[in-house]
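Breakdown of the fold
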Amino acid sequence: MSTDTTHLPSPARAATGLPWAGYLLGFALGGFFDGILLHQVLQWHHLLSAVESSAVRDIRVQILADGLFHAAMYVVAAVGLWLLWRSRRRFAEPRADRLLFANALIGFGVWHILDGVLSHWLLGIHRIRMDSANPLLWDLLWFVVFGVAVVAAGWRLRSGGGTDGGGRAAPVALTLAVLIAGPVAALPPPGVTTVMVLFTPGTTAPDVFAAVAAVDGRTVWQDPSGQLWAIDLGEDGNPTALYRHGALLVSNTLLPTGCLDWFRT
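Residues numbered from 1 in each chain as written. Predicted model: local features only at pLDDT ≥ 70, side-chain atom pairs only at ≥ 80, totals over all residues. Heavy atoms only, no water.

**What to know about the overall build of the protein**
Under the convention used in this document: Comment: elements are numbered from the N terminus, with helices defined as DSSP H or I runs of at least four residues and strands as E runs of at least two. Here the term buried applies to any residue with accessible area under 20% of the maximum for its type, exposed to any over 50%, and partly exposed to those in between, with areas from a 1.4 Å probe on protein chains only. Any two residues whose heavy atoms approach within 4.5 Å at even a single point are treated as in contact. Every accessible area reported is derived by Shrake-Rupley at a probe size of 1.4 Å, with residue values counting cover from the shown protein chains alone.
The helix and strand tally for the protein stands at eight helices and four strands. When the helices and strands of the protein are read in sequence order from the N terminus, they spell out α-α-α-α-α-α-β-α-β-β-β-α. Looking at the protein residue by residue over its 265 residues, the buried ones come to 43%. Intrachain contacts of the protein at a sequence separation of at least 6 include 76% that bridge at least 24 residues. Total accessible area on the protein is roughly 13700 Å²; 67% of this is exposed by carbon and sulfur atoms.

**A short note on the nonpolar core**
Put simply, the rule is: Definition used in this section: a nonpolar core is a set of buried Ala, Val, Leu, Ile, Met, Phe, Trp, Tyr and Cys residues joined via side-chain atoms within 4.5 Å.
With 31 residues, the main nonpolar core has Leu18, Phe32, Met73, Leu84 and Leu100 as its most contacted residues. Secondary structure elements with two or more residues in this core: α1 (10-41), α3 (59-86), α4 (96-122) and α6 (169-186). Per-element tally for this core: the top contributor is α1, with nine residues. Within the second largest apolar cluster, 14 residues are counted, among which are Val195, Ala211, Trp229 and Ile231.

**A short note on the pattern of salt bridges**
Opposite charge on two side chains permits pairing when their charged atoms draw close. We count it as follows: Salt bridges are defined as contacts in which a side-chain nitrogen from Lys or Arg sits within 4 Å of a carboxyl oxygen from Asp or Glu.
Within this structure, the stated rule accounts for three salt bridges. With a shortest N-O distance of 2.4 Å, Arg127 and Asp139 are connected by a salt bridge. Remark: Asp139 occurs in helix α5 (residues 135-159) and Arg127 occurs in the loop between α4 and α5; sequence separation between them is 12 residues. Given the relative accessible area of 21%, Arg127 is considered partly exposed. Between Asp232 and Arg218 there is a salt bridge, with its nearest N and O atoms 3.4 Å apart. With Asp232 in strand β3 (residues 228-232) and Arg218 in strand β2 (residues 218-222), the pair connects residues that are 14 residues apart, well separated along the chain.

**Remarks on α5**
Rules: Expected helix span is taken as 1.5 Å per residue step, with the number of steps being one fewer than the number of residues. Bend, at a single residue, is the angle you get between axes fitted to the 7 residues ending at that residue and the 7 residues starting at it.
Compared with an ideal rise of 1.5 Å per residue, which puts 25 residues at 36 Å, α5 spans 35 Å between its outermost C-alpha atoms and is within 8% of the ideal. Maximal helix bending in α5 amounts to about 35°, located at Val144. All buried positions along α5 are accounted for by Asp139, Trp142, Phe143, Gly147, Val150 and Gly154.

**Things to note about the pairing of β2**
The test is simple: For two strands to be treated as a pair, DSSP must find at least two bridges joining them.
Sheet topology note: the β2/β3 ladder contains four bridges and is antiparallel. Across the sheet, residue Trp221 finds its bridge partner in β3, namely Ala230. In sequence, β2 turns back onto β3 through a hairpin of five residues, with Gly226 there showing a positive phi of about 80°.

**Concerning the environment of Gly217**
Position of Gly217 relative to the elements: it lies in the loop between α7 (205-214) and β2. The exposure class of Gly217 is partly exposed, given its relative accessible area of 24%. Measuring from C-alpha to C-alpha, the distance between Gly217 and Gly237 comes to 7.1 Å, with 20 residues separating the pair along the chain. Once residues within four sequence positions are removed from consideration, Gly217 is found in contact with Val212, Asp232 and Leu233.

**Focus on the pairing of β3**
By the criterion of burial, β3 is predominantly enclosed, with five of the five residues buried. In this sheet, β3 lies alongside strand β1 (residues 194-199) in antiparallel orientation, the contact comprising five bridges. Across the sheet, the residue bridging to Val195 is Ile231, located in β3.

**Remarks on α7**
Since there are 3.6 residues in each turn of an α-helix, residues three or four apart along the chain are aligned in direction. Note the cut-off: This arc describes the spread of directions from the helix axis toward the C-beta atoms.
Those residues of α7 not exposed but buried are Val208, Ala211 and Val212. Buried positions in α7, seen along its axis, are confined to an arc of 100° and lie on one side of it. Every exposed residue of α7 that faces more than 90 degrees away from the buried side is listed here: Pro206 and Ala213. Structurally, α7 contributes buried residues whose contacts are with β1, β2 and β3. Looking at the residues trailing α7, positive phi occurs at Asp216, about 55°.

Here is the structure:
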């Protein structure tokens, strides 16, 4: 018997959509958490930090790999948000909030379990803390605290009793978390001075040059449309300041800005 849910009645699709929305949104948040905290804030590793290759060791390649990783998390988050929207009628059901939040916790923990098993131990492309004398200790600590423990908490919450009613608190909270974490993950990490900037429609070249001058930067590249630019901000540049000068999106990688530019046109 086929398991394709596309032929199921709408209530049946909603019944499968809400749990998977939680799993996928939690998984994406796990990836964003990893990228923001470990790649950018703490700078303990990049996606390919442990790959022994002169080409890959180039910091520009490392940042590109991080950007592609964040773009993949965008795709997972987008699918999760779409499923959440499709199953919105279930928000009023009893325990809907509990189910969504519990599954998001499970998805968050599963990300860290898979990352630990695949990236740290099987593929060996990075470790949690590359500069540690005992990287296995940090791997196991992260695996247990953010992986196993979070999955267990989600499973316990989902299996717990209670007759609490449905609501919109969990859907709204998860949606806001994804919408905030995604752009933050796209910001350039410390030490990277060149950013991709997509300007709002109607922005002219003189407007762009004025914006670049206002942030003490310099232009590096532009696409034929004149809306997508690579700008070097220098060591003391503030990428968020570009939003006050007509920027629609500032990112550390070409992919999200390029895709948005294509979609916008």
